[in-house]
Structure formats: C-alpha cells, structure tokens
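Summary of the model geometry
The primary structure of each chain is shown beneath.
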Amino acid sequence: MNEHMDNEKHAMEQPAGEPSFEQLFKASLEDIVELRRGAMVKGIVVGVGNDEVVVDVGAKAEGTVARDEFARAGLPVPGVGDEIEAMIQSVDATGAVRLSVLAARQREAWQMIEQAMANGDDVEGTVTAEVKGGYRVNIHGLDAFMPRSESDPNPRVSAAELVGKPCRVAILEAQRKPQNIVVSRKRPLEAEHARKREQFFATAKVGDRVSGTVRRMADFGAFVDVGGVDALLHVSDIAWRRLGHPSEMLSVGQTITAEIIKLEPETGKVSISMKALQEDPWSKVGEKYEPGMRLTGTVRRLLDFGAVVELEPGVEGLIHRSELSWLRRDIAPTQVLAEGDVVDVAVLEVDPAERKIRLSLKAVTENPWQAWLEAHPVGSKVRGKIKNKTDFGFFVPVGEGLDGLVHMENLVWHGDAAEALAGYQKGQEVECVVLGVDVERQRIALGIKQLTDDPFEVFLRGVQRGSTVHGKVVEVHGGGVLVELTEGVRAHLAMREVPRDRGELQVGDEVTAKVIDIHRKRRRVELSIRQYERDEEREAVRRYTKQAAEDNTPSPLALELKRKLLGEK
C-alpha cells in the first residue's frame, strides 16, 4: 500500500504535459510487431546489398528481402531510409525474419483483379515477353496470359510494338488456385476507339482540316490516326507529284495536316488528302509552258511507249518513243534513258485541260537529216557500199545512222530495171547522185542513172511538137506500136494514126512520123504517120502551086488539086 501511495504521490508530482509511465508502457506495447507468417509489416530500409535488402521491422527485429523481388514486382530497388511494405514469409528460431514485397504486391493485385473483374474495370499491366500463342503480362507482380488475338485490334501488330510497354487490359478470366489469369489489351483499345470514333463522326465533316500521326504505311497509302480514328491517306493524295510509295514523303510517327475528303460513319471509313491543302500546279501550266520552250526535267518512269519526265513537282510530260531519237524511229525508251536521268527537252504541245504536255528529246539536238541535206544538196554526188538489197532497190550508208535508198527505177534510163537491180551485190561500192531529202519522213533518195544525161531530155532538146522523126518498131500491142527513136527514147504510135492503106506494122519496120504530143512527166512522145503524110501532101501541093504561079500557066490538073487539097475555089 505504501508503494501504491508513493506512485500516486509521484504521479501527482509529475509535471503537467508529460506522458505518464502508464501511457509510455501502453505505447510501447503498440509498437511491438507481431512477427507471424503471412502478416503485413512496414519497415525502414537499413541496408541494400547485391542480393538482399535489409529492413528494420521494429521489435528489435530485422528482415531481409531478395533484391530481385522488386523487379519482379514491378518496383524500383529502394534506398536506405525508404519505407516499404512487405509480407512475412518466415521467422526462424533465432528471430531472423524473411520478407517478400512480391507476395505483398500479389495479394494487393489479386484483390484489385477480383474487384476489377466484378466491376468490369480495366487494370494496368506491362507486357513482359512473347510466349507461345501470345504474350506474358505482369499485373502488379502477377503473371497473366494475353492471347495473340487479344493483343491489338490490328492483327499485324508486332511483338516489338508490345513487349516492354505498359498497357490497360481487361480481365477475361482469373482464378487463384491453380493460378490462371487471362487478359485482353484489345478490348479496352476497341472500347476507347469506339468512343473516339463516335465523338469524331459526331463533329467531323468533309472539308475539315485535321492533324494526325502516321501509324503505318502500305504500298497504296498511309493510315493516319486523326483522334482515335484511322484515316486513309492514299498515295495519290499525298502530293501533286506522282509517288511510287508513301515512304518517299512520309515516315511512321510523323505528324501531318490534311483535309477530310470522304466520310462514311456507317462503316467508320475516313479518307484524307494532303494535296487538297496545296495549290494545283496544273492551274498555272498554261501560263508557264508553251510549244517551242526548252526545259530541264527528271525522268520518273519508263513505259513501253515513252518516258514520263517531271518538269516540276506535280507536273509531268511525256516523251513518246518516236521523239527519243532522230535516227531510230521505234527505239525502246530503256535504250536511251534511265529513271532518275536529268534531261533537256523541248515542249511540243501543252493541254492543261487534259493535264498533258508532249515533250521531245530529239528536238533539242540537231536534226541529222537536215544537217546532211545542207552538206549534200540535191545534185551532189556520194559514194558508199551497198548495205542491203530489197525487191525494190538497195540502201547505201551515207553518214552515221543515215542510209539512202537507190530505187530500182533510178538505176537505168532505159532497159529492164529488175535486170539492172540484179546486177548489184551487197557490199559493192557505188557512186550515186542525191535526188532529194525528206527531212520530216527521214528519207534520202539516191540515183545512179542520174550520173549520165537523161537521153529523153537530150532528145527533146532538138525536137518539138510537129517535128518529123524516124525510128524502128520495137513492140506491137493492141492499140498501137512502140517506136525507138534513139537509144533510150521510145515513142508511142497509135493505130488510129496509121493510114489504112499502110498495112499492119511489124517489129523491125522503119517508120517516119510527126511528133504530135510530148508528155515530159510521163516521159512519153506521141507520133502520127497520118499527120506526117497529110503534111507532106500539103507541102507538095504548095510547091506545085508555087511553081505553076511562077510559070503563069496553071493547068486544069493543078487547079483541081488545089481546090481539093487546099479547099480553094
């Protein structure tokens, strides 16, 4: 009793505001941690080693946590002085405590997963590895399986795009024993996409300008995220210039601005265009280009029928294969040009309405046919070896890439042209006369018979209509005969121009006749024996009449002949 009184006395003597012994004792009891397996404890990190982290958990006890558990639990390794929460795994006879942050986090994770599954909520996770049939996902220390079909709305998504990345997942299945958790990353994404798509189509309209990020590319275009909706940017809508692939101007992750050109809310399809925000370069083509201009461009594509040349971004012209070379009319474009070549071209035609420009490669170089004509005017002579023969003549090289044609009709002035052609052989050297050059049709006409005078023209120098000529019949046909007047000159004598009393003409007969017509272009002379004899008779009468007048004694016979032949009374 005395002791109790002393205590009361001592308590009464204790200064006001200080905790009593009883209070201190109760507080010390509260600080004593119950070190039992499965209990959750908080402690202060007092040491960090290579393998373990030492934690003061109170009650003069220290626990250890395997260092690798922090990574497996998705937590950073703590530093000395940090407070952590862990679960007691074991306490041995010496009082050593084994702790686990992974078990503590997994317990919390299971509670979170079961609650999320009951409420239909998503949870945070991290894709840690690709496994057979799908992926492993860490959810606060618990390993879950995500089937590949549930990884993304895009079935072509790669493991590189997922592994190591945090994500929201929906719990499809979860049971503790045996532990089995199946999750889906696709479902939250689809739900978010649906929400954004609904919001997008509720406000967007054709003509709106939107910004987005290039998500992926294909040969035909790029898919651009324009706020939760993947819009198609076709390769032809990226720029006015022709692109072979979207990667020529775009890259994945690039932010672009475009205009909405098509909306289909019922199917969720959106088409956008970057070039719709750019000025059409063809709108000024009519002002900038005109026939005859010389320009520099880049060969973009080679086709069977020509080459496409870019004159400026978005403006292309075509060089038809016939405009590639002066010397080869049907040359393949690949034999002259290659894609990427920078070339000088001439403008032949501009049609802005049809978005067409005709170009020429050969027009910017000297026309070899014109140059050859200037150096070899008509009438000049050339020499060369026969390159090849045809049924109608042969070709003679007259310059680099230039051949002249000697037609069989220009081999001899008279005689059989086919026989004359047969006398020439490939490789034989010949001298020719330039007869003409068709620059447009790229043809050179040569002649061999023109090396000598034309016997027809020589003959005509001394003959005119009404002249008397002599010749020999060389051919008889139904309507008349051919009369050779001199070597190389034949005239036609129609049967109606032969007196009936003359009889039939035969090959070899000598004839004397009058020239009644000359056709220089047809190289033909028409003869008449009838006209010759009539003129001879008239001339005889005139001579007789003249003689009689001089004698001044005209006889009755002379008067009668004069009346009949000259029509005089």
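See the structure above.
What you see is a predicted model; the values in this text were computed from it and never measured. (Residues numbered from 1 in each chain as written. Predicted model: local features only at pLDDT ≥ 70, side-chain atom pairs only at ≥ 80, totals over all residues. Heavy atoms only, no water.)

With that settled, the discussion passes to the sheet that holds strand 23 (residues 393-399). Taking strand neighbours across the sheet as the criterion, the six strands line up as 21-25-26-24-23-22 in an open arrangement whose pairing is mixed. Edge positions in the sheet fall to strand 21 (381-385) and strand 22 (388-389), since each has one partner strand and no second. As paired elements, strand 21 and strand 25 (residues 429-438) share five bridges and run antiparallel to each other. What sits directly across from R383, in strand 25, is E431. (Pairing = 2+ DSSP bridges. Helix = DSSP H or I, 4+ residues; strand = E, 2+ residues; numbered from the N terminus.)

Our next topic: the nonpolar core. Judged by nonpolar contacts, the single largest core of 24 residues is most densely connected at W372, F394, V406, L411, V430, L446 and I448. At the level of elements, helix 7 (368-375), strand 23, strand 24 (402-407), helix 8 (417-422), strand 25 and strand 26 (443-447) are the ones that each hand at least two residues to this core. V210, V229, L250 and M274 belong to the second largest nonpolar core, which has 21 residues in total. (Core = buried A, V, L, I, M, F, W, Y, C linked by side-chain atoms within 4.5 Å. Buried < 20%, exposed > 50% of the residue type's maximum accessible area, 1.4 Å probe, protein only.)

A contiguous patch of positive charge on the surface is contributed by R500, R530, R534, R538 and R542. If you trace the backbone, R538 turns up in helix 10 (residues 529-551). Using a relative accessible area of 39% as the deciding quantity, one classes R538 as partly exposed. (Patch = residues over 30% accessible without salt bridge, like charges linked within 9 Å, V, L, I, M, F, W, Y side chains within 5 Å. Areas by Shrake-Rupley, 256 points an atom, 1.4 Å probe, with all protein chains shown as cover. Salt bridge = Lys/Arg side-chain N within 4 Å of Asp/Glu carboxyl O. Lys, Arg positive; Asp, Glu negative; His and termini not counted. Charge placed at Lys NZ, Arg CZ, Asp CG, Glu CD.)

Time to look at unusual backbone geometry. Each neighbour pair has its own omega, and for K177 with P178 the value is -15 degrees, a cis peptide bond. The backbone of R355 sits at a positive phi, close to 55 degrees, despite the residue not being glycine. One can find R355 in the loop between strand 19 (342-351) and strand 20 (356-360). The residue R523 is not glycine, and still its phi comes out positive at about 55 degrees. With respect to the helices, strands and loops of the structure, R523 is situated in the loop between strand 30 (510-519) and strand 31 (524-528).

This part takes up the sheet that holds strand 3 (residues 61-66). Picture the strands of a sheet paired through backbone hydrogen bonds; they go either parallel or antiparallel. On the basis of which strands lie adjacent, the closed barrel formed by five strands has the order 1-2-3-5-4 and mixed pairing. Neighbour-to-neighbour, the strand axes of this sheet turn through a mean angle of 50 degrees, independent of strand direction. Pairing geometry for strand 1 (residues 40-48) and strand 2 (residues 52-58), over four bridges, is antiparallel. Bridge pairing in strand 2 links G47 to V54. Against the sheet, helix 4 (residues 101-119) engages strand 1, strand 3, strand 4 (83-91) and strand 5 (97-100), with an angle of about 105 degrees to strand 4. (Axes fitted to C-alpha atoms, helices over the stretch in contact; angles between N-to-C directions. Contact = heavy atoms within 4.5 Å.)

Counted according to the given criterion, the structure contains four aromatic pairs. Taking 6.1 Å as the distance between ring centres and 90 degrees as the angle between the ring planes, the aromatic pair formed by F220 and F223 counts as edge-to-face. The exposure class of F220 is partly exposed, given its relative accessible area of 43%. For the ring pair F392 and F395, a centre distance of 6.5 Å and an interplane angle of 85 degrees mean the geometry is edge-to-face. Looking at F392, the relative accessible area reads 37%, which means it is partly exposed. A relative accessible area of 24% means that F395 is categorised as partly exposed. (Phe/Tyr/Trp six-rings, centres within 6.5 Å; stacked < 30°, edge-to-face > 60°.)

All right, on to helix 5 (residues 186-203) then. The terminal C-alpha atoms of helix 5, which comprises 18 residues, lie 26 Å apart, in line with the 26 Å expected from a rise of 1.5 Å per residue. What helix 5 keeps buried is the set K186, P188, F200 and F201. Residues of helix 5 that are buried sit in contact with strand 6 (122-131), strand 9 (166-175), strand 10 (180-184), strand 14 (255-264) and strand 15 (269-273). (Expected span 1.5 Å × (residues − 1).)

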